[in-house]
Amino acid sequence: VRRVLARLQAVLLALTLLLVLDIGHPVLALTGPSGNTSSAGALTGLVARDGVPVAGASVSLVAWPTNPILATLPAGAAVATLPVATVNSDSTGRFSIQPTAVPADYRDPEGTTNYELSVADGTRSVLWNLSLTFTNGATGGRWTTAGEPSASQGPGTSLRFDLGVHSGVGIDLPSAMTSQTAPADDVVQTGFTAVPAQSVAPACCVCVWAATNNWYYNRPEKFMAAYAWSGAKVTVTQVNGTDHQLGIGYQVSGGNWSQSGTMNLDESSGGGAEVAGFINKYIYNAVNYRDWVNSCGATQRRPASTYAFISSTTSASHPTWSYCTTYTSGTFWKTSGTNVTYSAGVNIIVLSVSAQSGWNTSTKEAWVVTSATKLCGSTSQGWVSSPQAEAHQA
Amino acid sequence: VSGWRVRTGLAASGIAVLLAAAALSACGASQPELRVAGNVEPAGIEEFDVGANEPWSFLTVLLCMNQEGSARIENVEFDEPTAGLRVDAFATAPNPYPSGGPLNGAGPVLLPNLNPGYVLGGEPITSVCPKPGEEASWTGGTMLAIQVSKDSDGFAFSQALNVTYESDGSQDVLWIPFGIALCDQPQATPCPLPPPPSLPGPD
């Protein structure tokens, strides 16, 4: 006992000394305990109606099964969605909802789960889709929004729901994804997205989703821009396991379609692809979408599977950035496409929804330099550490 | 702004230091850390027609500090290199990009001949990394350049660099997924590159 007390005394003494001294270092936020039951990474947000915060609104997080499981469902079969958590907004309309570990049928091999977040205030409800990934780090496990840089130290996604006349969802993405310089059509998905509200607000999980036979095959998905010239053409490589965040179409009671968030499509059904020789092209994969209907009159058009990798291209105007390095030979590779969300990345017939290739290392862009070339980044961090890069004649 | 580090040891030992470390941990305080400025995604360079012991020099990435403080680079080496790929020298210079002048990114030369103004062995790094949202206009940071060679005529490759540095009395290692490949074939028949490394989870 004496030893314990002596140690405790010593610790308290050291602590006191440190408090007296000006250490001068900022305090880091703790990320929570290790293991798959970690509680770090809650989703936070605000519920409002016509801009006025709503207290006591119901916020429910529901997991969808993985795409391989959904693919086995025939038309009419119910989707076994999994309610994960339900909370109420506080007196200021704010909420914090914590994902928890889900069974294997609800997460892909990278640990990503596709969720729907349903917010209801008793008379109307709005539904939003998003993907969350659980990763174990050195200081504990953490949930992050899929597509977020794995090492980001910034805050995660925060959502603003409005159930009013102009219903919809505002999404505040991590800063790393919103601050990049990008060509005009490489629009990051921020701000407010109009999403139709259901006038009858069902309680969580009353509306049962079911499969349909409505498939939409071979929908082009813009996922990368290859900015190059004849002296440094681009080779694009995609391999199994590429994760892309693709928009989901949503319709209520035969009304207008809108995008209701995104989901993760683990594009691992094919063997990958490598294509060389691109100069100033947008590169497309092709994906398949499928409709899902629910018992409350809503329809979702969700990405279902990969049709083909690197299936087509369109012309891209070449931006010229000024943070350049000169090379005369060699091949320069960079995993890419992870920092730009193409707001109209996929046309799913009724509307165009966003596309963002995932934050992993399976999509590679390589410039093969055969003549003196300036390889330039879109920021003053140069081509290696900028979100986008381009090559032009030196 | 991000990066990964591996703590390799404390600079001093003794009960008082351990107690201080425990108390620091309890308070949530942290040491200044060296980081890569901007996005940390696997990237790299492959050069061709490179024989044994032929020097090649490369610019790599911009480095910065995660908070006020400084770091002094003690060593730079490849992570799990093949065919005797090694770092023979390193040097640093202030962020060269904002000046917009001609800048050689790679060449079959000794490091002092790649670009003027680089300090062999590096100078202390003090620039604080850009805050979120300020990456595009930030002009700070320190460029790390390396001179490398391989000890055989075959294909030499490494996926990443381990940068050992000292900061505030502690020694840490920053792992940077910047690969170098030296191929003994001509560019028309390049050596096959392994897939990029997976990035670690959040620290």
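Residues numbered from 1 in each chain as written. Chains lettered and ligands numbered in written order. Predicted model: local features only at pLDDT ≥ 70, side-chain atom pairs only at ≥ 80, totals over all residues. Heavy atoms only, no water.

Engineer: Could you give an account of the overall build of chain B, naming the residues involved and the relevant values?
Structural biologist: Helix and strand counts for chain B come out as one helix and 13 strands. Listing each helix as α and each strand as β along chain B from the N terminus yields β-α-β-β-β-β-β-β-β-β-β-β-β-β. With 203 residues in all, chain B has 52% of them scored as buried. Sequence separation of at least 24 residues holds for 81% of the intrachain contacts in chain B that already meet a minimum separation of 6. If you sum the accessible surface of chain B, you get close to 8000 Å²; carbon and sulfur atoms cover 54% of it. (Helix = DSSP H or I, 4+ residues; strand = E, 2+ residues; numbered from the N terminus. Buried < 20%, exposed > 50% of the residue type's maximum accessible area, 1.4 Å probe, protein only. Contact = heavy atoms within 4.5 Å. Areas by Shrake-Rupley, 256 points an atom, 1.4 Å probe, with all protein chains shown as cover.)

Engineer: Describe the confidence of the model for chain B, with residues and values.
Structural biologist: Residues and elements named next belong to chain B. Per-residue confidence for chain B gives a mean pLDDT of 84; residues scoring 70 or more make up 81%. Across residues 1-28, confidence stays below pLDDT 50; counting only partners more than four residues off in sequence or on other chains, it has 58 contacts. Two numbers describe this predicted complex: its pTM, 0.74, and its ipTM, 0.85. (pLDDT = per-residue confidence, 0-100.)

Engineer: Describe a negative patch on the surface, with residues and values.
Structural biologist: A contiguous patch of negative charge on the surface is contributed by Asp49, Glu54, Asp153 and Asp184 of chain B. Inspection of the secondary structure assignment puts Asp153 of chain B in the loop between strand E9 (142-149) and strand E10 (156-158). (Patch = residues over 30% accessible without salt bridge, like charges linked within 9 Å, V, L, I, M, F, W, Y side chains within 5 Å. Salt bridge = Lys/Arg side-chain N within 4 Å of Asp/Glu carboxyl O. Lys, Arg positive; Asp, Glu negative; His and termini not counted. Charge placed at Lys NZ, Arg CZ, Asp CG, Glu CD.)

Engineer: Lay out the sheet that holds strand E16 (residues 273-278) of chain A in plain terms, naming residues and giving numbers.
Structural biologist: Ordered in space as E16(A)-E13(A)-E23(A)-E20(A)-E3(B)-E13(B)-E10(B), the seven strands form an open sheet in which the pairing is mixed. Sheet topology places E16 of chain A together with E10 of chain B at the edges, where each strand pairs with a single neighbour. When the angles between neighbouring strand axes are averaged without regard to direction, this sheet yields 15°. Of the pairings in the sheet, the one linking E10 of chain B to strand E13 (residues 178-182) of chain B comprises three bridges and is antiparallel in character. For Phe157 of chain B, the partnering residue across the bridge sits in E13 of chain B and is Ala181 of chain B. (Pairing = 2+ DSSP bridges. Axes fitted to C-alpha atoms, helices over the stretch in contact; angles between N-to-C directions.)

Engineer: Could you give an account of the sheet that holds strand E19 (residues 323-327) of chain A, with specific residues and numbers?
Structural biologist: All names here are of chain A. Spatially, the three strands line up as an open sheet ordered E19-E24-E25, and their pairing is antiparallel. Only two strands of the sheet have a single neighbouring strand rather than two, namely E19 and strand E25 (389-393). Strand after strand, the sheet turns through a mean of 25° between neighbouring axes, direction not considered. Inspection of the sheet shows E19 paired to strand E24 (residues 373-377) by five bridges, in the antiparallel sense. Its bridge partner being in E24, Thr325 is matched across the sheet by Leu375.

Engineer: Talk me through the state of the cysteines; I want residue IDs and the actual numbers.
Structural biologist: Inspection of the entire model under this criterion finds four disulfides over all chains. Here Cys207 of chain A connects covalently by a disulfide to Cys296 of chain A, the sulfurs 1.8 Å from one another. Here the S-S torsion is close to -95°, and the disulfide linking Cys207 of chain A with Cys296 of chain A is therefore left-handed. Of this pair, Cys207 of chain A sits in the loop between strand E11 (191-194) and strand E12 (209-226) while Cys296 of chain A sits in the loop between strand E17 (281-294) and strand E18 (298-315), and the two are 89 residues apart along the sequence. Exposure remark for Cys296 of chain A: the relative accessible area of 27% places this residue in the partly exposed category. The residue that forms a disulfide with Cys64 of chain B is Cys129 of chain B, at a sulfur-sulfur distance of 2.0 Å. Across the S-S bond of Cys64 of chain B and Cys129 of chain B the torsion is about 95°, and the bridge reads as right-handed. (Disulfide = S-S within 2.5 Å.)

Engineer: Outline the confidence of the model for chain A, listing residues and values.
Structural biologist: Residue and element names in this part refer to chain A. When the pLDDT values of chain A are averaged, the result is 76; 68% of them are 70 or greater. By mean pLDDT, the top-scoring element of chain A is E25 (96), and the lowest-scoring one is helix H1 (residues 2-20) (43). Counting interchain partners and residues more than four positions distant, the pLDDT-below-50 stretch residues 148-155 has 25 contacts. Confidence over residues 174-190 falls short of pLDDT 50; this stretch has 53 contacts with residues more than four positions distant or in other chains.

Engineer: Give a detailed account of the environment of Ala85 of chain A, specifying residues and quantitative values.
Structural biologist: Residue and element names in this part refer to chain A. Looking at the secondary structure, you find Ala85 in strand E4 (residues 82-88). The exposure class of Ala85 is buried, given its relative accessible area of 19%. C-alpha separation for the pair Ala85 and Pro99, spaced 14 residues apart in sequence, amounts to 7.0 Å. With sequence-adjacent residues up to four places away left out, Ala85 is seen in contact with Val59, Ser60, Leu61, Ile97 and Gln98.

Engineer: Just give me the short version of the nonpolar core, but keep the residues and values in it.
Structural biologist: Residues and elements named next belong to chain B. Leu34, Leu63 and Ile146 are the most contacted members of the largest nonpolar core, which totals 53 residues. Among the elements that take part in this core, strand E4 (residues 56-65) stands out by supplying five residues, more than any other. Setting aside anything within four residues of it in sequence, one finds Leu63 in contact with Leu34, Arg35, Val36, Ile73, Ile125, Gly141, Thr142, Leu144, Leu174 and Ile176. (Core = buried A, V, L, I, M, F, W, Y, C linked by side-chain atoms within 4.5 Å.)

Engineer: Talk me through the pairing of E9 of chain B; I want residue IDs and the actual numbers.
Structural biologist: Residue and element names in this part refer to chain B. Of all the eight residues making up E9, eight are buried; the element is thus mostly covered by neighbouring parts of the structure. Taken together, the six bridges between E4 and E9 define a ladder with antiparallel strand orientation. Following the sheet pairing, Phe58 is matched in E9 by Ile146. As paired elements, strand E6 (residues 86-94) and E9 share eight bridges and run antiparallel to each other. Residue pairing in the sheet places Pro94 in a bridge with Thr142 of E9.

Engineer: I'd like to hear about the environment of Phe58 of chain B, residue by residue, with values.
Structural biologist: All names here are of chain B. Relative to the elements of secondary structure, Phe58 occurs in strand E4. Each C-alpha atom of the pair Phe58 and Leu144 lies 8.7 Å from the other, and the pair is 86 residues apart in sequence. Residues in contact with Phe58, not counting those within four places in the same chain, are Ile45, Glu47, Gly105, Ala106, Leu114, Leu144, Ala145, Ile146, Val148, Ile180 and Leu182.

Engineer: I'd like to hear about unusual backbone geometry, residue by residue, with values.
Structural biologist: Residue and element names in this part refer to chain B. Phi is positive for Asn53, close to 65°, though the residue is something other than glycine. Mapped onto the secondary structure, Asn53 falls in the loop between strand E3 (43-47) and E4. The backbone phi angle of Ala83 is positive, close to 55°, even though this residue is not glycine. Tracing the sequence through the fold places Ala83 in the loop between strand E5 (72-79) and E6. A relative accessible area of 28% means that Ala83 is categorised as partly exposed.

Engineer: Now, about the packing of aromatic side chains: what can you tell me, with residues and values included?
Structural biologist: Counted by the stated rule, this structure contains 11 aromatic pairs over all chains. Where Phe95 of chain A meets Phe161 of chain A, the ring centres are 6.3 Å apart and the plane angle is 55°; that geometry is what we call tilted. Placement of the pair is Phe95 of chain A in strand E5 (residues 94-97) and Phe161 of chain A in strand E9 (residues 158-162), with a sequence separation of 66 residues. The pair Phe95 of chain A / Phe161 of chain A is uniform in exposure class, with both members buried. When the ring of Trp333 of chain A is compared with that of Phe157 of chain B, the centres are 6.4 Å apart and the planes differ by 35°; the resulting orientation is tilted. Of this pair, Trp333 of chain A sits in strand E20 (residues 330-335) while Phe157 of chain B sits in strand E10, each in a different chain. Neither residue differs from the other here; Trp333 of chain A and Phe157 of chain B are each classed as buried. Ring pairing ties together the aromatic residues Trp64, Trp209 and Trp292 of chain A, which thus form one cluster. The ring of Tyr282 of chain A has Lys222 of chain A sitting right over it, with the charged end atom 4.0 Å from the ring centre. Between the NZ or CZ atom of Arg290 of chain A and the centre of the ring of Trp292 of chain A, over which it lies, the distance is 4.8 Å. (Phe/Tyr/Trp six-rings, centres within 6.5 Å; stacked < 30°, edge-to-face > 60°. Lys NZ or Arg CZ within 6 Å of the ring centre and 35° of its normal.)

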